[in-house]
Every structure is written in C-alpha cells, then in structure tokens.
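Examining the three-dimensional arrangement
One letter stands for each residue in the lines below.
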Amino acid sequence: VQFKPAKSRYRVYIVDEVHMLTTEAFNALLKTLEEPPEHVIFILATTEVHKLPATILSRCQRFDFKRIEPDRICERIQYIADKEGLTVSDGAASLIAAAADGGMRDALSILDLCASAGKNIDGETVESVCGMAGGDYLITLADYIKGKATEGALMLIDKLYGNSVDMGRLLSELTSHYRDLMIIKTVKDEKKPIVCSEARLKRLEEQAADYDIKDIMYTLSLLQSANAGMQNGNRRCEMEMTVIRLCNSDLSADIS
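Positions within a chain are numbered from 1, following the residues in the order the chain's sequence is written. For this predicted model, a pLDDT threshold of at least 70 governs which residues receive local features, and a threshold of 80 or more governs which side-chain atom pairs are given and counted, while totals over whole chains, interfaces and linings are taken from all residues. Each side-chain value is worked out from all heavy atoms of the structure, with water and hydrogens disregarded.

Comments concerning the overall build of the protein chain
- To qualify as a helix, a DSSP run of H or I must reach at least 4 residues; to qualify as a strand, a run of E must reach at least 2; elements of each kind are numbered from the N terminus. Helix and strand counts for the protein chain stand at twelve helices and four strands.
- Note on method: radius of gyration uses C-alpha positions; expected globular size equals 2.2 Å times residues raised to 0.38. Computed over its C-alpha atoms, the radius of gyration of the protein chain comes to 23 Å, more than 25% above the 18 Å expected for a compact globule of 256 residues.
- Viewed in the frame of its principal axes, the protein chain has a C-alpha envelope of about 70 × 55 × 40 Å.
- Classification of the 256 residues of the protein chain by burial places 32% in the buried group.
- Every residue pair with non-hydrogen atoms within 4.5 Å of one another is taken to be in contact. A separation of at least 24 residues holds for 69% of the contacts in the protein chain among residues at least 6 apart in sequence.
- As used throughout, the charge tally considers Lys and Arg to be positive and Asp and Glu to be negative, leaving His and the chain termini uncounted. A charge is said to be at NZ when it belongs to Lys, at CZ for Arg, at CG for Asp and at CD for Glu. The centroid of the 31 positive side-chain charges in the protein chain is displaced by 6 Å from the centroid of its 39 negative side-chain charges. Note on classification: 1.4 Å probe, protein chains only; a residue is buried when its accessible area is under 20% of the maximum for its type, exposed when over 50%, partly exposed between these limits.

This is the structure:
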C-alpha cells in the first residue's frame, strides 16, 4: 500500500467476504485503516456485517445494499429484451425475478440462458432453464399433501425427477409456495408481498382458503429442516422422506 499507482489517481483494494478474516488479520489491517496513504482506498465487502469488529466498522463509510424490487427487475428485463430483439412474456419476467431473489446480476444471467433457447421466452422456457417444477406441479403437490395422499405425492415427485427437475430447487420452490400461502392467510392488504401473475395469485388464494395457518406453519417448519439434509444426503430420498412426513404427521420426530 505504500507504493503509489503508476498511472491512476488511486490504488483500490477490494476485500471480498471480509468477515472471514481472522482476528489477527483484522488487527494487522487496523493500523493501515487508521492512517491510510492518500492514494489508497479499501473496499470491504461482506454479507455478514455483524461479524466485523467494531474497531473496523468505526473507520469505514458504510453502504447497505438491498434486494431489488421484483417490479424493477421485470422492467429491466423487458428493457433489455427490447434492445436485444427478444420477446419475454410478463409471466416469464416474473418467474425470472422470483428466481433471482432480488439480484439483478442473477436475473440477467437467467435471461441470457433463456435467450440461448430462442427469441421468444415464455414461462416454460424459464422453468426449463432453471430446473423449476412449475406452478401447476406445486399446487398439485400441495393438494396431495393437504389430502394426505402420500402415494400421489411420491408419484408426482418421481415424474418431476424423471423430467430432470432438481430436487433442491423443488424443495426451495415448495417452501416458497407455502410461504405465499402463509402470506395470503395473514396479510389482508390487497398488495401482498408475493411475486406471481394474477392467474397464479387467484389459484394460491383458492388453495389457501382450504388450508389452516397451523398446517402451513407446520409444513414450512418441516421443509426448512429438510434443507439441511439436502446439502449432504441423497436429495431425492430426502425430498421423498419429507413429503411422507408431511402426509403423515405421526411420523414426525418433533414431540411438540
């Protein structure tokens, strides 16, 4: 850091995931941050700012980046599609925004993958590229779970697995599906924090009417627990075990 840049005005150091530095590393960096040379700028990037020592935070100018609203992501996708000569349906744009989870870079990466499949991008294209199960499958699976139809649920998972749907993605989508049901049951405002088309929202509302909030919370709890097992074990087996537990609450190891 003592050497001045050869051409530019500043020498910029970007430390990504800075929270992973050890205490000793932070102590070594602290002196430089206290009295940095005029030509040096440090950019410390992290997703876990609470892990940074107070001595480091007090010497930094802080910028908090937030997730981008789905509507803005959809607008940007349509803008880029227009410039690139692509046709993206509103449903496809909403699916991309949902899959990106507030990240514009991820949204554009998905759009790029979809564009490689053709100029006309619809919901099926996005589902195929992302390995999604699709809204209809999720509603059907949730109906099986509600009706305790274990065999039907397992046969549907087998069909999805045969169609190359990623089981980790299916678990994540099913969790999001029940999260949407939870929001519909508890939020009375017309503008609910749910990313989907009007037609899908109507189907979600119809399904939510048949569900008790306690059952939704129980299902979400089991799905969240299954996520840890997905990381280490057989994904398909973990998904099937989870669905069996959901259809047969007596099999849950949770005493409560």
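Examining a negative patch on the surface
- Among the surface-exposed residues, D143, E198, E205, E206 and D210 lie close enough to one another that they form a single negatively charged patch.
- On the secondary structure map, E205 appears in helix α10 (residues 198-209).
- E205 gets classed as partly exposed once you look at its relative accessible area, which sits at 36%. Patch building starts from residues that exceed 30% relative accessible area and form no salt bridge, then joins like charges within 9 Å and nonpolar side chains (Val, Leu, Ile, Met, Phe, Trp, Tyr) within 5 Å. All accessibility values rest on the Shrake-Rupley procedure with a 1.4 Å probe; residue burial counts only the protein chains present in the view. The salt bridge criterion pairs a side-chain nitrogen of Lys or Arg with a carboxyl oxygen of Asp or Glu, the two atoms within 4 Å.

Some details on the state of the cysteines
- The definition used for a disulfide is geometric: two cysteine sulfur atoms within 2.5 Å. This structure, assessed with the given rule, holds zero disulfides.
- Free of any disulfide, C237 has its nearest neighbouring cysteine sulfur in C247, separated by 15 Å.
- Taking the relative accessible area as the measure of exposure, C237 reaches 35% and is therefore partly exposed.

Things to note about the environment of F26
- The topology assignment puts F26 in helix α1 (residues 23-34).
- Counting along the chain gives 218 residues from F26 to I244, while the straight-line C-alpha distance between them is 48 Å.
- Other than its neighbours up to four places away in sequence, F26 contacts V18, H19, L21, L52, P53 and I56.

A word on the pairing of strand β1 (residues 11-15)
- Two strands form a pair only when DSSP identifies at least two bridges running between them. Bridge count for β1 against strand β2 (residues 40-44) is five bridges, and the pairing is parallel. Paired with V15 across the strands is L44, a residue of β2.
- In this fold, β1 hands off to α1, which returns the chain to β2; that crossover is right-handed. By convention, orient the strands away from the viewer: a clockwise path from the first strand over the helix to the second makes the crossover right-handed.

What to know about α1
- With twelve residues, α1 ought to run about 16 Å at 1.5 Å a step, and its terminal C-alpha atoms sit 16 Å apart, in line with that.
- For α1, every residue scored as buried is listed here: F26, L29, L30 and L33. For α1, the arc enclosing every buried residue in end-on projection is 125°, short of the 170-degree limit, so these residues lie on one face. Exposed positions of α1 whose direction lies more than 90 degrees from the buried face are E24, N27, A28 and K31.
- Against β2 and α2 (54-57) lie the buried residues of α1. Here, expected helix span is obtained from the residue count minus one, scaled by 1.5 Å. Here the arc refers to the directions that run from the helix axis out to each C-beta atom.

With respect to the layout of surface pockets
- Looking at the second largest pocket, its volume works out to about 1,200 Å³.
- Forming the walls of the second largest pocket are 30 residues, and the residues nearest its centre are L44, A45, T46, F63 and F65.
- Listing elements by their share of the lining of the second largest pocket, those giving two or more residues are β2 and α5 (104-115).
- For this classification, Asp, Glu, Lys and Arg are treated as charged, while Ala, Val, Leu, Ile, Met, Phe, Trp, Tyr, Cys and Pro are nonpolar and the rest, including Gly, are polar. When the residues that make up the lining of the second largest pocket are grouped by side-chain class, the tally is 15 nonpolar, five polar and ten charged. Using a 1 Å grid laid over the protein atoms alone, points where a 1.4 Å probe fits but cannot get out form a cavity; open sets with protein on both sides within 12 Å along at least 5 of 7 lines form a pocket; any residue with an atom within 4 Å of a point counts as lining. Grid points are joined across faces, edges and corners, and a volume is the space filled by probe spheres set on the points.

Here we look at unusual backbone geometry
- A positive phi angle, close to 50°, is found at E17, a residue other than glycine.
- Tracing the chain through its elements places E17 in the loop between β1 and α1.

A look at the nonpolar core
- Counting residues in hydrophobic clusters, the biggest one holds 32 residues, and the most contacted among them are I145, L170, L174, Y178, L181, Y211 and M239.
- Among the elements that take part in this core, helix α9 (residues 167-186) stands out by supplying eight residues, more than any other.
- Beyond its immediate chain neighbours, meaning those up to four positions away, L181 contacts L204, Q207, A208, Y211 and I216.
- I73, I77, L86 and V126 belong to the second largest nonpolar core, which has 18 residues in total. Grouping buried Ala, Val, Leu, Ile, Met, Phe, Trp, Tyr and Cys residues that are joined through side-chain atoms within 4.5 Å yields what is termed a nonpolar core.

Points about the packing of aromatic side chains
- Two rings from Phe, Tyr or Trp (for Trp, the six-membered ring) form a pair when their centres are within 6.5 Å of each other. A pair whose planes differ by under 30 degrees is stacked, one over 60 is edge-to-face, and the rest are tilted. Enumeration according to the criterion identifies two aromatic pairs in this entry.
- Relative to Y211, the ring of Y178 lies with its centre 5.6 Å away and its plane at 90°, an arrangement referred to as edge-to-face. Placement of the pair is Y178 in helix α9 and Y211 in the loop between α10 and α11 (213-232), with a sequence separation of 33 residues. We note that Y178, like Y211, is buried.
- Remark: a charge is flagged as sitting over a ring if the NZ atom of Lys or the CZ atom of Arg is within 6 Å of the ring centre and within 35 degrees of the ring normal. A cation over a ring is seen here: K146 above Y211, with NZ or CZ 5.9 Å from the ring centre.

By themselves, these figures tell us nothing about what the structure is for.
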